[in-house]
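For reference, the chains in residue letters:
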Amino acid sequence: MHLVMVEVTASWHAGLDLYNNGFAGGLTASLFIAILQWYKTNRPKEDFTT
């Protein structure tokens, strides 16, 4: 996923790969956190009361 983000965002930094690597890492982490938060809030609640 990080490699794809680096390739997609390379044109945003005019080829400055040193800065693009960190930028793409931040975007990748933000995407994973958003997906995890969405999954955590939208999964069905388990009822363990008997």
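Residues numbered from 1 in each chain as written. Predicted model: local features only at pLDDT ≥ 70, side-chain atom pairs only at ≥ 80, totals over all residues. Heavy atoms only, no water.

Counting its secondary structure elements, the protein chain contains two helices and zero strands. Taken over 50 residues, the protein chain has a buried fraction of 12%. Surface accessibility of the protein chain: about 4,400 Å² in total, with carbon and sulfur atoms responsible for 67%. (Helix = DSSP H or I, 4+ residues; strand = E, 2+ residues; numbered from the N terminus. Buried < 20%, exposed > 50% of the residue type's maximum accessible area, 1.4 Å probe, protein only. Areas by Shrake-Rupley, 256 points an atom, 1.4 Å probe, with all protein chains shown as cover.)

Once that is clear, we can look at a nonpolar patch on the surface. A grouping of M1, L31, F32 and I35 is seen on the molecular surface, where their side chains present a nonpolar patch of about 360 Å² in accessible area. With respect to the helices, strands and loops of the structure, L31 is situated in helix α2 (residues 17–42). Classification of L31 as partly exposed rests on a relative accessible area of 33%. (Patch = residues over 30% accessible without salt bridge, like charges linked within 9 Å, V, L, I, M, F, W, Y side chains within 5 Å. Salt bridge = Lys/Arg side-chain N within 4 Å of Asp/Glu carboxyl O.)

What follows covers helix α1 (residues 2–9). Buried within α1 are the following residues: M5, V6 and T9. Along α1, the residues classed as buried sweep out an arc of 100° about the axis, all on the same side. Projecting away from the buried face of α1 at angles above 90 degrees are the exposed residues L3 and E7. (Arc of directions from axis to C-beta.)

Moving on, we get to the side chain of T28. Secondary-structure assignment places T28 in helix α2. When near neighbours in sequence (up to four residues on either side) are disregarded, T28 contacts M1, H2 and M5. (Contact = heavy atoms within 4.5 Å.)

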